[in-house]
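# Working through the structure, step by step
The residues making up each chain are set out below.
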Amino acid sequence: SDVCSSDLPELATALANHQSGLDLRGVRTLPAVVARALARHRGTINLSDLKTLSKESAEAIAAVKGDLYLRGLSRISVEVAKHLAKHRGVLYLGGLQSITPEVAEALSKHKGAIGLRGLKTISDEAMEHLARLKGGLHLGGLTHLSDAAAKALSKHKDLIHLGSITSLSDIAAAYLAAHQGGIHLGGLKKISLAAARAFGSHQGELCLSGLGEIPEKIARELAKHEEVIYYDRSEEHTSELQSRVDI
């Protein structure tokens, strides 16, 4: 139901004192006065049915000390992004369908993981900004990764989820292999010998769980990686990695 009644700020204050996460799906509008009351909560807040968020409400709700679900937002302004970047914790923005370089630059200041799995494409410029994020980066909806975007991600310092990428150029693979941190590439269906050789020297967890049967030469190269996951029998380990990046 809509948050619009005059007594809801008082109700929000009461909810903020709740000791566990707040599931507020169904809330479709968030006045700043209500956001300020909810922001006193210590724990997760799920507001995934919000379709719009004003800069005043964004500034207020960003103060919450816990993970913040805003998956219903399909677009945000630069001003809203700047306020949300002040949030500390996991920020779920999986509903965003596109992202401008300016919004990406603003979000890159966020300290904590960001979920952007709704993005199907992204410009190289926007990726350059997002790669500066100090936290995990979930881009599980991307279906293509340019060499330039891979180069930008090579400088990222945390977990990267690229689970919908089905193919990589050898150049892109080499750049990703230089990334120091976990990489989820579970959507890859095949991998070249050159790419396998590059990934063999990667530092950090590497999920290649989508690969089918692979030639012995490629298997030998991947075996040089200490934390590679690419067989179905590694399902339990893969699920553990997935749980950390499925945002």
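Just so you know, these numbers come straight off a predicted model, no measurement behind them.

Definitions and limits used
- Residues numbered from 1 in each chain as written.
- Predicted model: local features only at pLDDT ≥ 70, side-chain atom pairs only at ≥ 80, totals over all residues.
- Heavy atoms only, no water.
- Helix = DSSP H or I, 4+ residues; strand = E, 2+ residues; numbered from the N terminus.
- Buried < 20%, exposed > 50% of the residue type's maximum accessible area, 1.4 Å probe, protein only.
- Phe/Tyr/Trp six-rings, centres within 6.5 Å; stacked < 30°, edge-to-face > 60°.
- Arc of directions from axis to C-beta.
- Contact = heavy atoms within 4.5 Å.
- Salt bridge = Lys/Arg side-chain N within 4 Å of Asp/Glu carboxyl O.
- pLDDT = per-residue confidence, 0-100.
- Pairing = 2+ DSSP bridges.
- Core = buried A, V, L, I, M, F, W, Y, C linked by side-chain atoms within 4.5 Å.

### Side note on the overall build of the chain
Scanning the chain from terminus to terminus reveals 11 helices and 10 strands. Taking all 247 residues of the chain together, the buried fraction comes to 54%.

### Observations concerning the packing of aromatic side chains
Counted according to the given criterion, the structure contains one aromatic pair. Taking the centre distance of 3.8 Å and the plane angle of 5 degrees together, the rings of Y69 and Y92 count as stacked. Residue Y69 is found in strand β3 (residues 68-69), and its partner Y92 is found in strand β4 (residues 91-92); the two are separated by 23 residues along the sequence. Each member of the pair, Y69 as well as Y92, carries the same accessibility label: buried.

### Observations regarding helix α8 (residues 170-177)
Taken together, the buried positions of α8 are occupied by A172, A173, L176 and A177. Down the axis, α8 shows its buried residues gathered within 135 degrees of arc, on one side only. Looking at the buried positions of α8, the neighbouring elements they touch are α7 (147-153), β8 (183-184) and α9 (193-199).

### With respect to the side chain of H156
Inspection of the secondary structure puts H156 in the loop between α7 and β7 (160-161). In this structure, H156 is in contact with L130, A131, L133, G135, G136, L137, H179 and Q180, ignoring residues within four places of it in sequence.

### Some remarks on the pattern of salt bridges
This model, assessed by the stated rule, comprises five salt bridges. Here D23 and R25 are joined by a salt bridge, their closest N and O atoms 2.4 Å apart. Given a relative accessible area of 46%, D23 falls into the partly exposed group. We note a salt bridge from E216 to R220, for which the minimum N-O separation is 2.9 Å. Of this pair, E216 and R220 both sit in helix α10 (residues 216-222), separated by four residues, roughly a single helical turn. Relative accessible area serves as the criterion here: at 46%, R220 is assigned to the partly exposed category. Here the residues in one salt-bridge network are R197, E221 and K224, joined through shared partners.

### Observations concerning the confidence of the model for the chain
In regions of low pLDDT, the predicted coordinates are not meant to be interpreted in detail. Confidence in the prediction for the chain averages 88 pLDDT; 85% of positions are at 70 or higher. Across residues 1-7, confidence stays below pLDDT 50; counting only partners more than four residues off in sequence or on other chains, it has 11 contacts. Note on residues 231-246: pLDDT is under 50 here. Beyond four places in sequence and across chains, it has 23 contacts.

### Here we look at the sheet that holds strand β1 (residues 22-23)
Pairing within the open sheet is parallel, and its 10 strands lie in the order β1-β2-β3-β4-β5-β6-β7-β8-β9-β10. Since the sheet does not close on itself, it has two edges, and those belong to β1 and β10 (228-229), each with one partner. In this structure, β7 lies alongside β8, joined through two bridges in parallel fashion. The partner of I160 across the bridge, within β8, is I183.

### What to know about the environment of L38
With respect to the helices and strands, the residue L38 is situated in helix α2 (residues 32-38). Put simply, L38 and A63 are 25 residues apart on the chain and 9.2 Å apart in space, counted from C-alpha to C-alpha.

### Remarks on the nonpolar core
With 71 residues, the main nonpolar core has L84 and L185 as its most contacted residues. L185 has contacts with L162, I165, L168, L176, F199, L206, C207 and L208, leaving out every residue within four places of it along the chain.

### Thoughts on the environment of V228
Along the chain, the position of V228 falls in strand β10. A C-alpha to C-alpha distance of 4.7 Å links V228 and L206, two positions 22 residues apart in sequence. In this structure V228 touches L206, L208 and L222, once residues within four positions along its chain are discounted.

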